[in-house]
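The chain contents come next:
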Amino acid sequence: MLSSPVDPDNFKDSVGMTPQVSGRSIYLSDDNRMVNISGYFLPETQYTVVLEEGLRDIWGSSLAEELTFTFFTPPADPAMSLVTGPSSNNLVFVPTTSSEVILQATNINTVTLEISPISIGDLITLLHPDNYDYRQVFLPETLETRVQNLNLTRNINEIVRVPLTYEGKSLEPGVYYLGISSPDITSEYQQYQKFFLI
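Heads up: these notes are all about the structure in this document. (Residues numbered from 1 in each chain as written. Predicted model: local features only at pLDDT ≥ 70, side-chain atom pairs only at ≥ 80, totals over all residues. Heavy atoms only, no water.)

Moving on, we get to the pattern of salt bridges. In the structure shown here, the tally under the stated rule is three salt bridges. Across the salt bridge formed by Glu-100 and Arg-161, the nearest N and O atoms sit 2.6 Å from each other. Remark: Arg-161 occurs in strand β11 (residues 158–163) and Glu-100 occurs in strand β8 (residues 100–106); sequence separation between them is 61 residues. On the basis of relative accessibility, which here comes to 21%, the residue Glu-100 falls in the partly exposed class. The exposed category is assigned to Arg-161, whose relative accessible area is 54%. (Salt bridge = Lys/Arg side-chain N within 4 Å of Asp/Glu carboxyl O. Helix = DSSP H or I, 4+ residues; strand = E, 2+ residues; numbered from the N terminus. Buried < 20%, exposed > 50% of the residue type's maximum accessible area, 1.4 Å probe, protein only.)

Dropping the structure here:
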């Protein structure tokens, strides 16, 4: 917060930042006393903002000396999603030649996979247009659970292939329930994701 209103016609060239910010936009608050900077900031990065002596207020007075501010951005939020291509009702096609799913993940250390075969009858019931609520609560009676380490580069959104097995073997042709979760996820929406594999 500055003590006097900044000249709105002559302030952007007097505001510097390192490192550079992609898509940077500099603008003033409604009362012209605060300089705001928006853009795409890198996670876990130190930034330095410099208000140079050429910065003037609306009466033509300049800063007595250069002002420098330093701040750190937080890490990227942990996130994870299944790369499925076109899909509906959580239905995912898994080729028998691959027996894997592809995840897009950021700052995820481990994922927990819960898998179980289900019947064609179960799948038909689950995919019925009137059974949305049933899909949300459905769980097979028995689930095989496995924890997979991802070894991702911190703060980088990466694509990772996660092998699928049941009873120690690659998936045979059939229909399966798959639940995916991670203790690193804080978003309630992503805490537990369920899919039906064919």
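The subject of this paragraph is unusual backbone geometry. In this chain, Thr-18 is followed by Pro-19 through a cis amide linkage whose omega measures -10°. Tracing the chain through its elements places Pro-19 in the loop between β1 (15–18) and β2 (22–28). At Ser-99, a residue that is not glycine, the phi angle is positive and equals roughly 45°. If you trace the backbone, Ser-99 turns up in the loop between β7 (91–92) and β8. By relative accessible area, Ser-99 is classed as buried at 6%. The backbone phi angle of Asn-107 is positive, close to 55°, even though this residue is not glycine.

Further remarks concern the sheet that holds strand β6 (residues 79–82). With antiparallel pairing, the three strands of this open sheet are ordered in space as β6-β8-β11. Only two strands of the sheet have a single neighbouring strand rather than two, namely β6 and β11. Mean inter-strand twist for the sheet, computed between neighbouring axes without regard to direction, equals 30°. Of the pairings in the sheet, the one linking β6 to β8 comprises four bridges and is antiparallel in character. Bridged to Met-80 within β8 is Ala-105. (Pairing = 2+ DSSP bridges. Axes fitted to C-alpha atoms, helices over the stretch in contact; angles between N-to-C directions.)

As a further point, take the pairing of strand β14 (residues 176–181). Consecutive side chains of a regular strand alternate in pointing toward one face of the sheet and then the other. Burial analysis of β14 places six of its six residues in the buried class, which makes it a mostly covered element. The two faces of β14 match: Tyr-176, Leu-178 and Ile-180 on one face and Tyr-177, Gly-179 and Ser-181 on the other face are all buried. As paired elements, strand β9 (residues 110–117) and β14 share six bridges and run antiparallel to each other. Bridging from a neighbouring strand, Ile-115 pairs with Leu-178 of β14. As defined by bridge partners, β14 adjoins strand β15 (residues 192–197) across six bridges and the pair is classed as antiparallel.

Geometric descriptors of this kind do not, in isolation, establish any biological role.
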